[in-house]
Amino acid sequence: MRLLPNIALLTVSALLIGAADPAPLYSEADFAHVAKFDAHVHANVSDPRFLDVARRDGFELLSINVDYPDFPALRDQATVAHEMRAKDPRRFRFATTFSMQGFGTPEWTARTNRALDDAFARGAVAVKVWKNIGMVATDAEGKRVFLDDPRFDGVMAHLEQRGIPLIAHQAEPKNCWLPLDQMTTENDRSYFREHPEYYMYLHPEEPSYEALMAARDRFVARHPKLAFDGAHMASLEWSVDELARFFDRHPNAVVDLAARMSNLQVQSNADRAKVRAFFIKYQDRILYGTDLTDSPPDPAARAQNPPATNDFPKEADQVWRADWRYLATPLSQRVDAINADAPGLALPRPVIDKIYWKNAQRFFKLGK
Ligand SMILES: [Zn+2]
């Protein structure tokens, strides 16, 4: 008796990925010649090989500058961005950021807006705020600063007025607040085991995951005209249901997928039809991104990004092809981060075209 619903489900999913699906699929062989945009990379070194592999694989890039102690200084990141953009202005875009130094003082807003305007004049198409807001940064009184602090309003109003999107990485994967044995991915488990200073489960005195998400949500609601990109699936990577609620509450928001594919694969292995239906329903709200980071030699190994190798172009090609296989085709592949095989979502071509290209073109206003 209990078999019947399962058989019915199998039939439905077979129809979804089979010949009855009205929209055709891309194949693995289509990978290199479909136009694609990686909306979340970090070029921390002026490396023409990054542009070469992007050209070979059919990618344009958005490199995001971040106020991150393990990355080069902000000024150096900006220099790299200008050099890379000069090499291939069509293929290479960048997002600027700002320093929290002096936050809350009367001069901070004017100084920050001036610096941002300089960056836009040099080609920056977006602004990044990082998880240091909410988790590290303090004001002149030594009080922790959260993203919904009204002292950001002058800068956010400036972005709204100029039509510049904000990319926000707030909080961490929810796994960061869970005991090791309850984490859902191996990559999070090994990372937080090795970096107790960043492992919030060990720091109950710090803001909770829920408090950081609530501050972020109040911020997005407070700035309904701001084009908002929640990096890393808006730190709701653990539940497409939660992310759907976030999208429904905040029509001005999109998210990128950077460095969270394994969290999706955990969910699609449990309920593939649900994750596929999520992508189809929210096909205008999702930007493909990886967090690929091209670092100077001897990178600080603490950076929570795909592991650095000596062969960055090979690493980039492998990540991009694995993600394509998962999103665009029904083919299965071994995913070490979840200790399992993950069958692909086989998203219809029009959905792939939006996630990989059209949404980023629209959101970052890249039309040319
Ligand atoms: Zn990143």
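Calculation notes
Residue numbering note: each chain is counted from 1, following its sequence as written. Given that the model is predicted, a residue must reach a pLDDT of at least 70 before its local features are reported, and side-chain atom pairs must reach 80 or more before they are shown or counted; all residues, however, enter totals for whole chains, interfaces and linings. As a rule here, side-chain values cover all heavy atoms of the structure and leave hydrogens and water aside. Each helix is a run of DSSP H or I of at least 4 residues and each strand a run of E of at least 2, with the numbering of both proceeding from the N terminus. Here the globule rule reads 2.2 Å times residues to the power 0.38, and the radius of gyration is calculated from C-alpha atoms. Here the term buried applies to any residue with accessible area under 20% of the maximum for its type, exposed to any over 50%, and partly exposed to those in between, with areas from a 1.4 Å probe on protein chains only. Surface accessibility follows the Shrake-Rupley procedure with a 1.4 Å probe radius. Residue values consider only the protein chains on display as shielding. Both site types are read off a 1 Å grid over the protein atoms alone. A 1.4 Å probe that fits but cannot get out defines a cavity, while an open set with protein on both sides within 12 Å along at least five of seven lines defines a pocket; lining residues have an atom within 4 Å of a point. Grid points are joined across faces, edges and corners, and a volume is the space filled by probe spheres set on the points. For this classification, Asp, Glu, Lys and Arg are treated as charged, while Ala, Val, Leu, Ile, Met, Phe, Trp, Tyr, Cys and Pro are nonpolar and the rest, including Gly, are polar. Atoms of type N, O and S within 2.8 Å of a metal are treated as its donors, and for Na, K and Ca the window is 3.2 Å; water is not considered, so some sites may appear to be missing partners. Angular values range over 0 to 180 degrees, each being the angle between N-to-C directions of two axes fitted as lines to C-alpha atoms, with helices fitted over their stretch in contact. With respect to orientation, any angle under 35 degrees is reported as roughly parallel, any angle over 145 as roughly antiparallel, any angle of 65 to 115 as roughly perpendicular, and every other angle as oblique. Any two residues having at least one pair of non-hydrogen atoms within 4.5 Å are treated as being in contact. Centres within 6.5 Å make a pair out of two Phe, Tyr or Trp rings, where for Trp the six-membered ring is used; the pair is then stacked when the planes are under 30 degrees apart, edge-to-face when over 60, and tilted otherwise. We define a salt bridge as a side-chain nitrogen of Lys or Arg found within 4 Å of a carboxyl oxygen belonging to Asp or Glu. Only strands joined by at least two bridges in the DSSP assignment are considered to pair.

1. Some points on the overall build of the protein chain
Link 1 in the chain: In terms of helices and strands, the protein chain carries 14 helices and eleven strands.
Link 2 in the chain: For 368 residues, the compact-globule formula gives about 21 Å, and the C-alpha radius of gyration of the protein chain, at 20 Å, lands near that figure.
Link 3 in the chain: Taken along its principal axes, the extent of the C-alpha atoms in the protein chain is 70 × 45 × 40 Å.
Link 4 in the chain: Looking at the 368 residues of the protein chain, the share that counts as buried comes to 53%.
Link 5 in the chain: Counting every atom, the protein chain has about 16,100 Å² of accessible surface; 56% of that belongs to carbon and sulfur.

2. With respect to the layout of surface pockets
Link 1 in the chain: There is about 520 Å³ of room inside the second largest pocket.
Link 2 in the chain: As for the second largest pocket, its lining consists of 21 residues, of which L74, T96, T97, F98 and A115 are closest to the centre.
Link 3 in the chain: Elements with a contribution of two residues or more to the lining of the second largest pocket: α3 (74–87), β3 (92–97) and α4 (106–121).
Link 4 in the chain: At seven residues, the largest contribution of residues to the lining of the second largest pocket is made by α4.
Link 5 in the chain: Here the lining of the second largest pocket is composed, by residue class, of nine nonpolar, eight polar and four charged.

3. Structural notes on the coordination of the zinc ion
Link 1 in the chain: Within the protein, H40 (NE2), H42 (NE2) and D291 (OD) serve as the donor atoms for the zinc ion, at 2.1 Å.
Link 2 in the chain: Accessibility expressed as a relative area gives 3% for H42, which makes it buried.
Link 3 in the chain: For D291, a relative accessible area of 3% corresponds to the buried category.

4. Section: the packing of helix α11 (residues 261–270) against helix α12 (residues 272–281)
Link 1 in the chain: As a packed pair, α11 and α12 sit with axes 5 Å apart at the nearest point and diverge in direction by 125 degrees. The angle between α11 and α12 places the two elements in the oblique class. Together, L264, Q267, S268 and A270 of α11 and R272, V275 and F279 of α12 make up the contact between the two elements.
Link 2 in the chain: Residue composition of the contact of α11 with α12, by class: four nonpolar, two polar and one charged.

5. Digging into the packing of aromatic side chains
Link 1 in the chain: All told, the structure shown has 29 aromatic pairs when counted by the stated rule.
Link 2 in the chain: An angle of 70 degrees between the planes, with centres 5.9 Å apart, marks the rings of F31 and W324 as edge-to-face. With F31 in the loop between α1 (3–17) and β1 (36–43) and W324 in helix α13 (residues 312–328), the pair connects residues that are 293 residues apart, well separated along the chain.
Link 3 in the chain: Measuring from centroid to centroid gives 4.6 Å for F103 and F152, while their planes differ by 35 degrees, and the two rings are tilted. In this pair, F103 is assigned in the loop between β3 and α4 and F152 in the loop between α5 (132–135) and α6 (153–162), connecting sequence segments 49 residues apart.

6. What to know about unusual backbone geometry
Link 1 in the chain: The backbone phi angle of S235 is positive, close to 55 degrees, even though this residue is not glycine.
Link 2 in the chain: Within the secondary structure, S235 is located in the loop between α9 (231–234) and α10 (240–249).
Link 3 in the chain: The backbone phi angle of D291 is positive, close to 75 degrees, even though this residue is not glycine.
Link 4 in the chain: Here D291 shows up in the loop between β8 (286–287) and β9 (292–294).

7. Brief notes about the pattern of salt bridges
Link 1 in the chain: Under the defined criterion, the tally for this structure stands at 23 salt bridges.
Link 2 in the chain: Of the charged contacts in the structure, one is a salt bridge between R151 and D149, with a shortest N-O distance of 2.8 Å.
Link 3 in the chain: For R151, a relative accessible area of 32% corresponds to the partly exposed category.
Link 4 in the chain: The class for D149 is buried, based on a relative accessible area of 12%.
Link 5 in the chain: The structure contains a network of salt bridges with shared partners spanning D52, R55, D88 and R91.

8. Brief notes about the sheet that holds strand β7 (residues 253–256)
Strand pairing in a sheet relies on backbone hydrogen bonds, with the paired strands running either antiparallel or parallel.
Link 1 in the chain: Read across the sheet, nine strands follow the order β8-β7-β6-β5-β4-β3-β2-β1-β9 without closing on themselves; strand pairing throughout is parallel. The open sheet has two edge strands with one neighbour each: β8 and β9.
Link 2 in the chain: Two strands pair when backbone bridges link them, and strand β5 (residues 166–168) and strand β6 (residues 228–230) are joined in this way by three bridges, in the parallel orientation. Bridge pairing links A168 to G230 in β6.
Link 3 in the chain: Against the sheet, α4 contacts β3 and β4 (126–129), and its axis sits at roughly 175 degrees relative to β3.

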